[in-house]
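Structural overview
Each chain, letter by letter, is given below.
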Amino acid sequence: MSHLRLLLVVFSSCLAATIGDNSTDSYWLLRVKSEFIDPAGVLENWSVKVHICSWNGLTCSDDQAHILGLNLSGSGLSGSLSQEFGHLTSLEILDLSSNSLTGSIPPELGQLQNLQMLLLFTNYLSGKIPAEIGLLKKLQVLQIGNNLLAGEITPTISNLTELRVLALSYSQLNGSIPSGIGKLKHLIFLDLQNNSLSGLIPEEIHGCEELEKFAASNNQLQGDIPSSMGLLKSLKILNLANNSLSGSIPVALSRLSNLTYLNLLGNELSGEIPSELNQLVQLETLDLSENNLSGTISLLNSQLKNLESLVLSNNALTGSIPGKFCLRNSNLQQLLLARNKLSGKFPLELLNCSSLQQLDLSDNRFEGELPSLLDKLQNLKDLVLNNNSFIGTLPREIGNMSNLEFISLFDNLITGEIPMEIGKLQMLSVIYLYDNQMSGHIPIELTNCTNLTAIDFFGNRFTGSIPETIGRLKNLFLLHLRQNYLSGPIPPSLGYCKRLQLLALADNKLSGSLPPTFRFLSELSLITLYNNSFEGPLPTSLFLLKSLKIINFSHNRFNGTIFPLSGSNALTVLDLTNNSFSGSIPSTLAMSRNLSRIRLAQNHLIGNISSIFGQLTELKLLDLSFNDLSAGLPPELSSSRKLEHLLLNNNQFTGTMPPWLGSLQELGELDLSSNQFYGTVPAELGNCSRLLKLSLYSNNLSGEIPPEIGNLTSLNVLALQRNNLSGSIPSTIQQCKKLYELRFSENFLTGSIPSELGSLTELQVILDLSKNHFIGEIPSSLGNLVKLERLNLSSNQLQGEIPSSLGELTSLHMLNLSNNHLQGQLPSTFSGFPLSSFLGNDKLCGPPLLSCSESMGQRKKELSNSEVVGIIVVIVFISTVICLVMLYIMLRIWCKWREVSISSADSGGTEKTREEGKWVYGDEKRRKGEYWKVNSLSPVSSQDKRSSGIACIFQLKMDSEAM
């Protein structure tokens, strides 16, 4: 019977091992395993077939009855934390750090009453820190930082009185630091950095009597640094950097006699640096940079004998460096005093800091010459003295500083040549001498510094050529020689600097063609050669440079095709302005989809704009002006929605202005002037609300100016002159309040000048309405344009007087009102303008024209003369008429008298007798020479009477016509 019972016990144990027993840790661990994703197979041996104490990551008790530790750190696990962990009550250590676990921290962890270490850092856990954490009375280490935890730090954390390490850094915690943290008397390590904690640092923190490290940097903590922190006698590291702490640095911090690291950078601390900090004799690192500290430097390395790094940059410190700053046996390796207001000459006291490796005095007010004894700093690696007022030459002794790696002396007043001894600096990696007044040749010895990665000599007066041996600098990354007086060609050896990425040789006197060796610069991303005298065609091998991003060859004499520059698909900027390139624009440029700036102006390019350029969706500037391009604008260009500058002026483009221009919402400058566009100005341009300059002059545009132009409320320049525009100026122009240049001249505009122009008070450069057909008076509102410098209303049909308000335009220095119908007196302030400004207005007077009284007298005098001439003409005419009338009357009287005489003679004889007398007596008397007398008295027949009357009248008519 006893054997049977024993057999049943064994069977039951095996069955429990097979199906799992709720009372064993293995059961719960298998439940935990089910929540994990284990791509690396770390948990493969977690099986009933294997004894639990052999499972990966587990530590059993001595009797193998319980699991004391679970360590799966860095096992590549994902998934979530199972709430079944709460059943592993014997656990003392739980380490699941450095995995990819997600979800929240289960509150059930609070049931692990024996837990001493909880390590969940470096996962993707989210949610709040459960308040149940406060139940872990035996917990000594809590490291759950570097997660996505949010919310406040649970106040129950103050219940963990055995806690030694609390690390909650690199999460998203907010709220304030709980004051109960002062109850953690055994806390040694408190790391709260890189969260969003705010509020004050609690005064109660002094209760953490054993605290050695307190890091709360990169939060939003405010207020003063509590003086009670001076009671943390064990504190070795204090890091409160990058918060919003204010007030002064508490003197109480000088009591932290064990402090080795103090970092308060990036706050709003003010006042002077307490000299009592010199008592921190164990201090190795002190960083007070990026605050508002003032006063002089009172810290002395002669007292802070263990100080290795002193950083006081970005404050408002004044004065000079103390005379006893360094001892000969100083340990100081880093002294950074940049961006203050320190002054004086180069502090010779620093030459005693023989252990210095980094010296940064940049952005201060130091002056004088650099000491020749500078080479006493034999261990110096970084010499940073830029942005001061140092003068004199670069001492030759600098060649003895064999450990120098970084020289930054830019933006000073250093003169003279680069000493050839510079070639002895075999460790030199970077040399920045830009923005000085140095001259002479670039020494060939510089190319002995084969570790050089960056050379920047911009803005000096160096002459001569680039050293032929420049190709020895195989590690060169940056070569910046812009704005000097260098001449000659680019040495071919430069092509062997195969790591070169940035090459800037612009603004020199370099000449010749580009060397074919440039094809080896496969890593080159920027090359600027503008403002030189380079010439010739580009080497075709440049097409092989696939890393090029920025190219600027403008203002040279290059010719030929630009195709070799289109090989890179990474181009962002291409500027070839003012050369002699010819041919068409290569469509391969469109392969650089990040191209944002294309400037090809002032060349001899022909052809059209390819439709493929519509693929350049990042394009912001396109300048093709001053070429011989033709055809219309491709509609595909409307896809370049980021265009800000479109400059196509001075070409041969034709067609109508496309309405799709209005879809370019970012457009700030549109210049289509001096082309052959025709048709109307599209109203859609009114949609370009960011437009600052609209220039369409010298085309064949017609129709009216669209009223939508008033929508361009940001417009500064509007130039529509020399077109065929008609109609009136739209009143909506008054909405363009920012206009400072307005040109409508040489069109066919009609109507009156709108008074609304007077509301454009920012007009300054010019208002030009000349050579149109404007009528009416000049609106007095133009007197509001007080900033206007030039006004041209000439060659119109303006009438009336010039408004006196125009005389108040004191900024006006050019005025043209000529060739109108203006009258009246000129404003007195117009006397300084030339006569030509007013010619063609006959009724204007006043300086510089004749005075109005003289002008009136002149007009009267001219009227009298006219009257005299008129009277003379009238008199002559009337006299002539009177004479003709008198002659006619006399002839009529005479003819009547003859008729009367003949009638009287007829009454005394017969008709026959009269007829006979006519022939006998008349002829006879004629023969006797008494013709006219006899004839006047001779008898005449009735027929002769009629003939005689007709003859008289005819004679009178003939006399009148002759007269």
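As annotated in an unreviewed UniProt entry, the protein chain carries the name Leucine-rich repeat-containing N-terminal plant-type domain-containing protein and comes from Castanea mollissima. Recorded under Sequence similarities (unreviewed entry), the UniProt text for the protein chain is reproduced unchanged: "Belongs to the polygalacturonase-inhibiting protein family."

Some points on the overall build of the protein chain
Helices and strands together make up the secondary structure of the protein chain, namely six helices and 67 strands. The 963 residues of the protein chain split such that 48% are buried. Of all intrachain contacts in the protein chain linking residues separated by at least 6 positions in sequence, the fraction that spans at least 24 positions is 48%. Accessible area of the protein chain: about 43,200 Å², with a carbon and sulfur share of 52%.

Some thoughts on the confidence of the model for the protein chain
Looking at the protein chain as a whole, its pLDDT mean stands at 88, while 88% of the residues score no less than 70. Of the regions scoring below 50 in pLDDT, residues 859-864 engages in zero contacts with residues more than four places distant in sequence or in other chains. Scored below 50 in pLDDT, residues 900-963 makes 36 contacts in the model with residues more than four places away or belonging to other chains.

Thoughts on the pattern of salt bridges
If you walk through the whole model with that rule in mind, you get 12 salt bridges. In this structure, the salt-bridge partner of lysine 642 is glutamate 618, at a minimum N-O distance of 2.8 Å. Taken together, the positions of lysine 642 in the loop between β50 (628-631) and β51 (645-647) and glutamate 618 in the loop between β48 (604-607) and β49 (621-623) put the pair 24 residues apart, joining distant regions of the chain. What makes lysine 642 partly exposed here is its relative accessible area of 36%. When its relative accessible area of 28% is taken as the criterion, glutamate 618 is described as partly exposed.

Regarding the state of the cysteines
Inspection of the entire model under this criterion finds two disulfides. In this model cysteine 53 forms its disulfide with cysteine 60; the gap between the sulfur atoms is 2.1 Å. In this structure, the disulfide formed by cysteine 53 and cysteine 60 twists by about -115° around the S-S bond and is classed as left-handed. With relative accessibility at 17%, the residue cysteine 60 sits in the buried group. At a sulfur-sulfur separation of 1.6 Å, the disulfide partner of cysteine 326 is cysteine 353. The sign of the S-S torsion, about 100°, decides the handedness of the disulfide formed by cysteine 326 and cysteine 353: right-handed.

Quick notes on the packing of aromatic side chains
Here the structure, examined in full by the defined rule, presents 16 aromatic pairs. Following the ring pairs from residue to residue traces out a cluster consisting of Phe406, Phe410, Tyr432 and Tyr434. The residue whose ring lies beneath lysine 498 is phenylalanine 520, and the NZ or CZ to ring-centre distance is 5.6 Å.

Some remarks on the sheet that holds strand β1 (residues 36-37)
Strand order in the open sheet formed by three strands is β1-β4-β6, with mixed pairing between adjacent strands. Looking at strand neighbours, the two that pair on one side only are β1 and β6 (100-102), the edges of this open sheet.

Re the environment of leucine 514
As for its placement among the helices and strands, leucine 514 is situated in the loop between β40 (509-512) and β41 (526-528). Given the relative accessible area of 4%, leucine 514 is considered buried. The contacts of leucine 514, once residues within four sequence positions are left out, are Ile490, Leu529, Leu538, Pro539, Leu542, Phe553 and Phe558.

Some details on a nonpolar patch on the surface
Together, Phe877, Ile878, Val881, Ile882, Val885, Met886, Tyr888, Ile889 and Ile893 make up a nonpolar patch on the protein surface, roughly 830 Å² of accessible area in all. Among the secondary structure elements, tyrosine 888 is positioned in helix α3 (residues 852-906).

Overview of the pairing of strand β18 (residues 244-247)
Taken together, the two bridges between strand β16 (residues 220-223) and β18 define a ladder with parallel strand orientation. Bridge pairing links glycine 223 to leucine 245 in β18. Relative to strand β20 (residues 268-272), β18 is paired through two bridges, and the arrangement is parallel. The residue bridging glycine 247 from the neighbouring strand is leucine 269, located in β20.

Considering the sheet that holds strand β64 (residues 797-801)
Strand order in the open sheet formed by four strands is β62-β64-β66-β67, with parallel pairing between adjacent strands. This sheet does not close on itself; its edge strands, each paired only once, are β62 (775-777) and β67 (843-845). Going from strand to strand, the sheet's axes swing by 25° on average, the running direction of each strand aside. Here β64 pairs with strand β66 (residues 821-825) via three bridges, running parallel. Looking across to β66, one finds that glutamate 801 is bridged to glutamine 823.

Re the environment of asparagine 56
For asparagine 56, the position within the fold is in the loop between β1 and β2 (58-60). On the accessibility criterion, asparagine 56 (34% relative accessible area) is partly exposed. When the C-alpha positions of asparagine 56 and valine 42 are compared, they lie 6.8 Å apart, and in sequence the two are 14 residues distant. Asparagine 56 has contacts with Val42, Asn45, Trp46 and Leu72, leaving out every residue within four places of it along the chain.

Here we look at unusual backbone geometry
Trans is the prevailing form of peptide bonds, just as negative phi is the prevailing case for residues other than glycine. Cis peptide bonds are those with omega within 30 degrees of zero, and the linkage from proline 847 to proline 848 qualifies with 10°. With respect to the helices and strands, the residue proline 848 is situated in the loop between β67 and α3. In this structure, arginine 722 takes a positive phi of about 55° despite not being glycine. Following the sequence through the fold, arginine 722 ends up in the loop between β57 (717-719) and β58 (724-727).

Overview of the pairing of β16
Sheet topology note: the strand β14 (residues 198-199)/β16 ladder contains two bridges and is parallel. Bridging across to β16, serine 198 finds its partner in glutamine 220.

Considerations on the environment of leucine 503
Examined against the element boundaries, leucine 503 turns out to sit in strand β39 (residues 502-504). Put simply, leucine 503 and leucine 481 are 22 residues apart on the chain and 8.3 Å apart in space, counted from C-alpha to C-alpha.

As for the side chain of asparagine 508
Tracing the backbone through its elements, the reader meets asparagine 508 in the loop between β39 and β40. What asparagine 508 contacts, discounting residues up to four positions off in sequence, is Leu481, Arg482, Gln483, Asn484, Tyr485, Leu486, Asn531 and Asn532.

Focus: the side chain of aspartate 25
Relative to the assigned elements, aspartate 25 resides in helix α2 (residues 25-33). The charged side chain of aspartate 25 is buried without a salt bridge, its nearest counter-charge being arginine 31 at 13 Å. A distance of 3.1 Å separates a polar atom in the side chain of aspartate 25 from the backbone nitrogen of isoleucine 67. Ignoring any residue separated from it by four or fewer positions in sequence, one finds aspartate 25 in contact with Ile52, His66, Ile67, His87, Leu88 and Ser90.

About the thresholds
Residues numbered from 1 in each chain as written. Predicted model: local features only at pLDDT ≥ 70, side-chain atom pairs only at ≥ 80, totals over all residues. Heavy atoms only, no water. UniProt positions renumbered as here; feature names shortened; annotations may be inferred. Helix = DSSP H or I, 4+ residues; strand = E, 2+ residues; numbered from the N terminus. Buried < 20%, exposed > 50% of the residue type's maximum accessible area, 1.4 Å probe, protein only. Contact = heavy atoms within 4.5 Å. Areas by Shrake-Rupley, 256 points an atom, 1.4 Å probe, with all protein chains shown as cover. pLDDT = per-residue confidence, 0-100. Salt bridge = Lys/Arg side-chain N within 4 Å of Asp/Glu carboxyl O. Disulfide = S-S within 2.5 Å. Phe/Tyr/Trp six-rings, centres within 6.5 Å; stacked < 30°, edge-to-face > 60°. Lys NZ or Arg CZ within 6 Å of the ring centre and 35° of its normal. Pairing = 2+ DSSP bridges. Patch = residues over 30% accessible without salt bridge, like charges linked within 9 Å, V, L, I, M, F, W, Y side chains within 5 Å. Axes fitted to C-alpha atoms, helices over the stretch in contact; angles between N-to-C directions. Lys, Arg positive; Asp, Glu negative; His and termini not counted. Polar contact = N/O pair within 3.5 Å; in protein donor to acceptor, adjacent residues only side chain to side chain.

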